[in-house]
Amino acid sequence: MVILGAGESGTGAAVLGAAQNWDVFVSDYGKIAPKYQDELNLHNIAWEQEKHTEEKILNADCIIKSPGIPDKAPIVKSAKAQGIEIIDELEFAYRYTTAKMIGITGTNGKTTTTLLTYHLLKQAGLNVGLAGNIGRSLARQVAQQSYDIYVVEISSFQLDYLDKFTCEIAILCNITPDHLDRYNYRIENYADSKMRIARNQTPEQHFIYCADNELTLEAMARNPFAGRPVPFSLTQTCTEGAYVQGSQIHIHSKEKFTLDMQEFTLRGQHNAYNSMAASIAASLMDVRKESIRESFGNFQNAEHRLEFVQKVGGVDYINDSKATNVNSAWYALESMDRPVIWIAGGIDKGNNYADLKPLVKGKVKMIVCLGLDNIKLHQAFQSDVDLIINTGSAKEAVHVASRMAEAGDAVLLSPACASFDLFDSYEDRGRQFKEAVRNL
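The residue count restarts for each chain, going from 1 along the sequence in the order it is written. Local features are withheld for residues below a pLDDT of 70 in this predicted model, meaning they are given only at 70 or higher, and side-chain atom pairs are given and counted only at 80 or more; totals for whole chains, interfaces and linings count all residues. Hydrogens and waters are ignored; side-chain quantities use all the structure's heavy atoms.

*Asks:* Could you give an account of the side chain of Asn108, with specific residues and numbers?
*Replies:* Helix numbers and strand numbers start at the N terminus; a helix is a DSSP run of H or I with at least 4 residues, a strand a run of E with at least 2. Relative to the assigned elements, Asn108 resides in the loop between strand S6 (100–105) and helix H6 (110–123). By definition, residues are in contact when any of their heavy atoms lie within 4.5 Å. Those residues in contact with Asn108, other than ones at most four positions away along the chain, are Cys173, Asn174, Thr176, Asn325, Asn327, Ser328 and Tyr331.

*Asks:* Can you lay out unusual backbone geometry for me, pointing to particular residues and giving the numbers?
*Replies:* Leaving glycine aside, a negative phi is the common case for residues, and trans is the common case for peptide bonds. Not every positive phi belongs to a glycine, and Glu50 is a case in point at roughly 60 degrees. Its place among the elements puts Glu50 in the loop between strand S3 (46–49) and helix H3 (54–57). A residue is classified by how much of its surface remains accessible, and Glu50, at 46% relative accessible area, is partly exposed. Note on classification: 1.4 Å probe, protein chains only; a residue is buried when its accessible area is under 20% of the maximum for its type, exposed when over 50%, partly exposed between these limits.

*Asks:* Account for the nonpolar core, naming residues and giving values.
*Replies:* Among the nonpolar cores identified, the biggest contains 47 residues, and Ile3, Val26, Leu138, Tyr150, Phe165, Ile197 and Phe207 are the most heavily contacted of them. Residues in contact with Phe165, not counting those within four places in the same chain, are Leu90, Glu91, Tyr94, Met101, Leu138, Ile154 and Asn200. The term nonpolar core refers to a set of buried residues drawn from Ala, Val, Leu, Ile, Met, Phe, Trp, Tyr and Cys, joined through side-chain atoms within 4.5 Å. One finds Leu115, Phe232, Ile251 and Ala302 within the second-largest nonpolar core, a separate group that totals 43 residues.

*Asks:* Report on the pairing of strand S9 (residues 169–172), specifying residues and quantitative values.
*Replies:* Here is the key point about a regular strand: its side chains alternate between the two faces of the sheet. Residues of S9 alternate between two faces, with Ile169 and Ile171 on one and Ala170 and Leu172 on the opposite face, all of them buried. Strands qualify as paired when DSSP identifies two bridges or more between them. Sheet topology note: the S6/S9 ladder contains 4 bridges and is parallel. Residue Thr105 lies in a different strand from S9, and its bridge partner there is Leu172. Note that S9 and strand S10 (residues 206–210) share 4 bridges and pair parallel. Note on S10: the bridge partner recorded for Ile169 is His206.

*Asks:* So what's going on with the environment of Asp160? Which residues, and what values?
*Replies:* By the secondary structure assignment, Asp160 is in the loop between helix H8 (156–159) and S9. Residues Asp160 and Lys194, spaced 34 residues apart in sequence, show a C-alpha to C-alpha distance of 8.5 Å. Apart from residues lying up to four places away in sequence, Asp160 is in contact with Tyr183, Ser193 and Arg196. Under this definition, polar contacts are N or O atom pairs within 3.5 Å; protein pairs additionally need one hydrogen-donor-capable and one acceptor-capable atom, and for neighbouring residues in sequence, both atoms have to be side-chain atoms. Within the structure, the side chain of Asp160 is placed 2.7 Å from the side chain of Ser193, a separation counted as a polar contact.

*Asks:* Any details on the environment of Asp23? Residues and values, ideally.
*Replies:* With respect to the secondary-structure elements, Asp23 resides in the loop between helix H1 (8–19) and strand S2 (25–28). Taking the relative accessible area as the measure of exposure, Asp23 reaches 67% and is therefore exposed. The spatial distance from the C-alpha of Asp23 to the C-alpha of Gln158 is 23 Å, given a sequence separation of 135 residues.

*Asks:* So what's going on with the packing of aromatic side chains? Which residues, and what values?
*Replies:* Only Phe, Tyr and Trp rings are paired, with Trp represented by its six-membered ring, and only when their centres lie within 6.5 Å; those with planes under 30 degrees apart are stacked, over 60 edge-to-face, the remainder tilted. Applying the stated criterion across every chain yields a total of 11 aromatic pairs. On the basis of an interplanar angle of 85 degrees and a centroid distance of 5.5 Å, the ring pair of Tyr147 and Tyr150 is categorised as edge-to-face. With relative accessibility at 1%, the residue Tyr150 sits in the buried group. Geometrically, the ring pair formed by Trp330 and Tyr331 is edge-to-face, given 5.5 Å between the ring centres and 80 degrees between the ring planes. Assessed through its relative accessible area of 23%, Trp330 is described here as partly exposed. Owing to a relative accessible area of 11%, Tyr331 belongs among the buried residues under this scheme. Put simply, the rings of Trp22, Phe92 and Tyr96 pair up and form one aromatic cluster.

*Asks:* Can you tell me about the pattern of salt bridges, naming the residues and giving the values?
*Replies:* A side chain of one charge can pair with a side chain of the opposite charge if their charged atoms are brought near each other. Here a salt bridge means any side-chain nitrogen of Lys or Arg lying within 4 Å of a carboxyl oxygen belonging to Asp or Glu. Following the criterion strictly, the structure yields 23 salt bridges and no others. With a closest N to O distance of 3.2 Å, Arg228 and Glu240 form a salt bridge. Of this pair, Arg228 sits in strand S11 (residues 228–233) while Glu240 is found in the loop between S11 and strand S12 (241–245), placing the two residues 12 residues apart along the sequence. Judged by relative accessible area, Arg228 falls into the partly exposed class, the value being 43%. Its relative accessible area of 27% is what places Glu240 among the partly exposed residues. Connected through salt bridges with shared partners, the residues Glu303, Glu307, Arg431 and Lys434 form a single ionic network.

*Asks:* Could you give an account of the state of the cysteines, naming the residues involved and the relevant values?
*Replies:* When two cysteine sulfur atoms lie within 2.5 Å, the pair is treated as a disulfide. In this structure the tally under the stated criterion is 0 disulfides. Not part of a disulfide, Cys210 finds its nearest cysteine sulfur in Cys173, a span of 8.8 Å.

*Asks:* Quick one: what's the story with the sheet that holds strand S15 (residues 307–312), residue by residue and with numbers?
*Replies:* If you trace the 6 strands from one edge of the open sheet to the other, you get S15-S16-S20-S17-S18-S19, paired in mixed fashion. With one partner strand each, in any of the chains shown, S15 and strand S19 (387–391) form the two edges of the open sheet. When the angles between neighbouring strand axes are averaged without regard to direction, this sheet yields 20 degrees. Lines are fitted to the C-alpha atoms to define the axes, a helix being fitted only along its stretch in contact, and any angle between axes, read from their N-to-C directions, falls within 0 to 180 degrees. Packed onto the sheet, helix H16 (residues 394–404) meets strand S16 (315–319), strand S17 (340–344), strand S18 (364–370), S19 and strand S20 (410–413) and runs at close to 160 degrees relative to S18.

*Asks:* Can you lay out the environment of Ser275 for me, pointing to particular residues and giving the numbers?
*Replies:* Residue placement: Ser275 occurs in helix H11 (residues 269–284). In sequence terms Ser275 and Ile249 are 26 residues apart; their C-alpha atoms lie 8.6 Å from each other. Once you skip the residues sitting within four places of it in the chain, Ser275 turns out to touch Leu116, Ile249, Phe264, Leu266 and Phe296.

*Asks:* An account of the sheet that holds strand S1 (residues 2–4) is needed here, citing residue identities and associated values.
*Replies:* The sheet built from 5 strands is open, its strands ordered S3-S2-S1-S4-S5 with parallel pairing. Pairing within the sheet leaves two strands with one partner each, and these edge strands are S3 and strand S5 (85–87). Pairs of neighbouring strands in the sheet enclose a mean axial angle of 20 degrees, with direction left out of account. Taken together, the 3 bridges between S1 and strand S4 (residues 62–65) define a ladder with parallel strand orientation. Note on S4: the bridge partner recorded for Leu4 is Lys65.

*Asks:* Give a description of the side chain of Glu39 that names residues and reports values.
*Replies:* Along the chain, Glu39 turns up in helix H2 (residues 34–42). In this structure the side chain of Glu39 is engaged in a polar contact, spanning 2.5 Å, whose partner is the side chain of Arg140. Each residue touching Glu39, except ones within four places of it in the same chain, is listed here: Thr11, Val15, Arg140 and Gln144.

Take a look at the structure:
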């Protein structure tokens, strides 16, 4: 067995492979982090870095590919040409566990929905693990721990290399254009990839989806599935699933009950969607309504996702660095209930800012650009705000925002762009923002 990529996913797969007596070889075209080198050595797993030795790789019975390696990579093309089985780490882990899977995908909201679903189940006392595109790899946990249920965040790149993997409960949060460079710039290809989360389900299993999302409904029509469809909606009443009236979420699942969003730690329309999906899943897993209600009151969201940093001089500073596309930034701005100084920018991924204009006009006092090339932001919003200022670092952006903010405002980092012009990652961007805020 060959594993391409030695990050969290690949190293976890290697550990499980060794535990299952596979002859494992790990190959990473980049550098392997020291902690993963140490782990591979501890388990006597052969590895190489900064190269792919083709004679070893193409002699494999099975290849486990990191989701970050694109199909157009030469080594992947060569392996496919030879007919070698290529799977994702999640598929490999699934073959060695009988645990139930709750799989969660979607363009936006999947991390929050995953964390929230895990929180609802864990607070109810279930033996549950958190895995996938967040936290520790599923394979490592299958090798080293024993859970009855896994809540798994799954990206489209991971879904593309699943085979037998199936979810007791599958959640598709939404579909909006993203990662189209990996899907021949066709939204249909990307949407069909998302629907793979439901393709192996049986009629006894459940597929939870957003009834308000047109791309999801179109993808469901193109991709037949056997799981029981369970909708959630902000705009229509659902006889099964969940819907919103005023501040009340109505859940019609194993139990019928309501949740008051005013008692949640989560705010905003997007989090109403996330909360509905997680609540349905928890109810289907027999979590009682009293436990669900209580758990919503003490949930803490993921780092870099509408993360409250602190209040300085009456101004709230909010880190939403994970908002790397327009849709995520829309959700963040929609959730703001006070005047906003918006820090945005970075590497533009072909963004169309038109959908943001009404929110910017209604809520944003000024825009602080954080990136090397801010022309599109200026062009998009110069008629909607009084002031747009360019900055070249998180420290400078926070300094400018703090000088312009007044008590009662919010300074929101929600870039709508990738981070790699000035930062190593969106995490690096978010942490530099938080450090700058704490140094005010």
